[in-house]
Amino acid sequence: MKKIACVISFIISVNSIAQEQATRMQFDHYNVQQGLSQGWVTSIYQDFLGFMWFGTNDGLNRFDGYTFKVYKHNPKSNKSLRNNNVNKIIEIDNELWLATSSGLCRFNRAEDIFYFDTLWPEIYISDIKCINKKLIIASESGLYYLDTDKNAFQRFRINGQDVLSELVIYSLAVNKKNEIWIGTNQGLFLLSDSFSKLTPVIYLADYNQINRNINISSIEIDSSNRVWVGTETQGL
């Protein structure tokens, strides 16, 4: 009986601690009323200065812990946000790069303005990654890359062939070998061997007989190098 009483007492103590920790957990809620440009947040990033950046479907938001500063597209200015739909935010050498629904743009922190080159195509960009100062760009018309040193924006070709232009690319992930996992409307692909080899890993053709949708919406590589793949209708 003493042992049972001890076990029951231990369980009650653990439950009490868990409940106390859950009670202590606090969430702050920020919405349009607090200054956020829109309630639909599509991307989140913290820069090297500590500012939080939030991409939405109606502008870019910078949060300093107290107030929001909102950036939006101005059709009369070529120094404003390229498009109000901000799908992804990354940072290279302390500069913010933004993937928008009208293409790529860069934030000039010193002048508080945005820059995009007219040579950068006006395309829907869903995701961006960086490998050795090259931006890998996922779009609705295939895969591109931008050499940030040379300002060269080009289609991604594999052994001289443009094999990705027919794919709608939703998501990217880069592993420790600098191989690129590519999530598309036709499945999951792996770009390896210094970007010379494209391997279908999960492919639409494998699912044709059962008419499954195999849109790959998100990819994440964990600390054990396992690849987690989120799909539009088939779960993980």
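### Notes on the sheet that holds strand β3 (residues 59-63)
Spatial ordering of the open sheet is given by β1-β2-β3-β4, a layout of 4 strands whose pairing is antiparallel. Edge strands, defined here as strands with exactly one partner in the open sheet, are β1 (41-46) and β4 (68-71). Strand-to-strand twist in this sheet, taken as the mean axis angle between neighbours without regard to direction, amounts to 20 degrees. By the bridge criterion, 5 bridges tie strand β2 (residues 52-56) to β3 in an arrangement that is antiparallel. Each residue of the ladder has a partner; that of Phe 54, found in β3, is Asn 61.

### Quick look at the packing of aromatic side chains
What the rule picks out here adds up to 14 aromatic pairs. Between Tyr 71 and Phe 107 the ring centres are 5.4 Å apart and the planes differ by 70 degrees, which places this aromatic pair in the edge-to-face class. Of the two residues, Tyr 71 sits in strand β4 while Phe 107 sits in strand β7 (residues 103-108), which places them 36 residues apart along the sequence. You'll find Tyr 71 and Phe 107 in the same group, each marked buried. An angle of 50 degrees between the planes, with centres 5.0 Å apart, marks the rings of Phe 107 and Phe 114 as tilted. The class of Phe 114 is buried, set by a relative accessible area of 3%. Through a chain of ring-to-ring contacts, three or more aromatic side chains come together here, namely Tyr 30, Phe 54, Phe 63 and Phe 68. The positively charged end of Arg 62 is found above the aromatic ring belonging to Phe 51, 4.4 Å away from the centroid.

The rules behind the values
- Residues numbered from 1 in each chain as written.
- Predicted model: local features only at pLDDT ≥ 70, side-chain atom pairs only at ≥ 80, totals over all residues.
- Heavy atoms only, no water.
- Pairing = 2+ DSSP bridges.
- Helix = DSSP H or I, 4+ residues; strand = E, 2+ residues; numbered from the N terminus.
- Axes fitted to C-alpha atoms, helices over the stretch in contact; angles between N-to-C directions.
- Phe/Tyr/Trp six-rings, centres within 6.5 Å; stacked < 30°, edge-to-face > 60°.
- Buried < 20%, exposed > 50% of the residue type's maximum accessible area, 1.4 Å probe, protein only.
- Lys NZ or Arg CZ within 6 Å of the ring centre and 35° of its normal.

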